[in-house]
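# Architecture at a glance
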Amino acid sequence: WRLENEPQVNYAMNFADVAKGTWYTEAVRWAASEGIVLGNGDGTFGAHNAITREQLAAILYRYASYKGYDVTAKSDPSAFTDAFKISDWAYDAIRWAYGTKLMQGNGDGTINPTGNTRRSEFATMIMRFNEQIAK
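Described in the following lines is the structure provided in the data block.

Conventions used here
Residues numbered from 1 in each chain as written. Predicted model: local features only at pLDDT ≥ 70, side-chain atom pairs only at ≥ 80, totals over all residues. Heavy atoms only, no water. Helix = DSSP H or I, 4+ residues; strand = E, 2+ residues; numbered from the N terminus. 1 Å grid on protein atoms, 1.4 Å probe; cavity = no way out; pocket = protein on both sides within 12 Å on 5 of 7 lines; lining within 4 Å. Points joined across faces, edges and corners; volume = space filled by probe spheres on them. Nonpolar A, V, L, I, M, F, W, Y, C, P; charged D, E, K, R; others polar. Polar contact = N/O pair within 3.5 Å; in protein donor to acceptor, adjacent residues only side chain to side chain. Contact = heavy atoms within 4.5 Å. Salt bridge = Lys/Arg side-chain N within 4 Å of Asp/Glu carboxyl O.

Unlike most non-glycine residues, Lys101 shows phi in positive territory, near 70 degrees. For Asn112, which is not glycine, the phi torsion reads 55 degrees and is therefore positive. Take Asn112: it is sitting in the loop between helix H3 (91-99) and helix H4 (119-133).

Encoded structure:
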């Protein structure tokens, strides 16, 4: 939203947990209107939840698609011992994040798709996105 110069949109966002007038309301409204965020499937956004690694990969993947960036580089994550934990809705995003090296394994043979993203992981993925994808 900030990368897009904080556009205002007329979009009826109905996430029960995104109150009007919060510091993030318009960012969520814009991202939802563009299909970059989809919510939790139960009418909530998860505004106060931690973000998982697969959720972050999906957001970056959808934003890259929205911007028209190349999202064809994909790698097979099946070598990770926990690849079976990747949600169906996040599989292509994880393949892309892994294929572009935005996301890497944890050094122990796992990718931890449903684990919470640590601040260092978040910062690294955003930095790599800006340097490698949005260049």
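This brings us to the layout of surface pockets. If you add up the space inside the largest pocket, you get close to 1300 Å³. Val37, Phe45, Ile51, Ile59 and Phe122 are the residues nearest the centre of the largest pocket, which is lined by 36 residues in total. For the lining of the largest pocket, the secondary-structure elements that each account for two or more residues are helix H1 (25-33), helix H2 (53-67) and H4. Ranked by residue count, the leading element in the lining of the largest pocket is H2, at seven residues. Along the lines of polarity and charge, the residues of the lining of the largest pocket split into 24 nonpolar, eight polar and four charged.

Looking at where Glu121 falls in the secondary structure, it is placed in helix H4. For Glu121, the side chain forms a polar contact with the side chain of Arg53, separated by 3.0 Å. Aside from chain neighbours lying at most four places away, what touches Glu121 is Arg53, Asn106 and Asn116.

Using the criterion set out here, one finds six salt bridges in the structure. Linking Glu6 and Arg2 is a salt bridge whose minimum nitrogen-to-oxygen distance equals 3.2 Å. The partner of Glu4 in a salt bridge is Lys67, and the shortest N-O contact between them spans 3.1 Å. Taken as a pair, Glu4 in the segment before H1 and Lys67 in helix H2 lie far apart in primary sequence, 63 residues in all. One salt-bridge network, in which partners are shared between bridges, spans Arg53, Arg118 and Glu121.

The next thing to look at is the environment of Ala93. Summarising the element assignment, Ala93 is placed in helix H3. In the structure, Ala93 is positioned 40 residues away from Arg53 in sequence and 10 Å away in space, judged by C-alpha atoms. Those residues in contact with Ala93 that lie beyond four places of it in its chain are Ala57, Ala58 and Tyr61.

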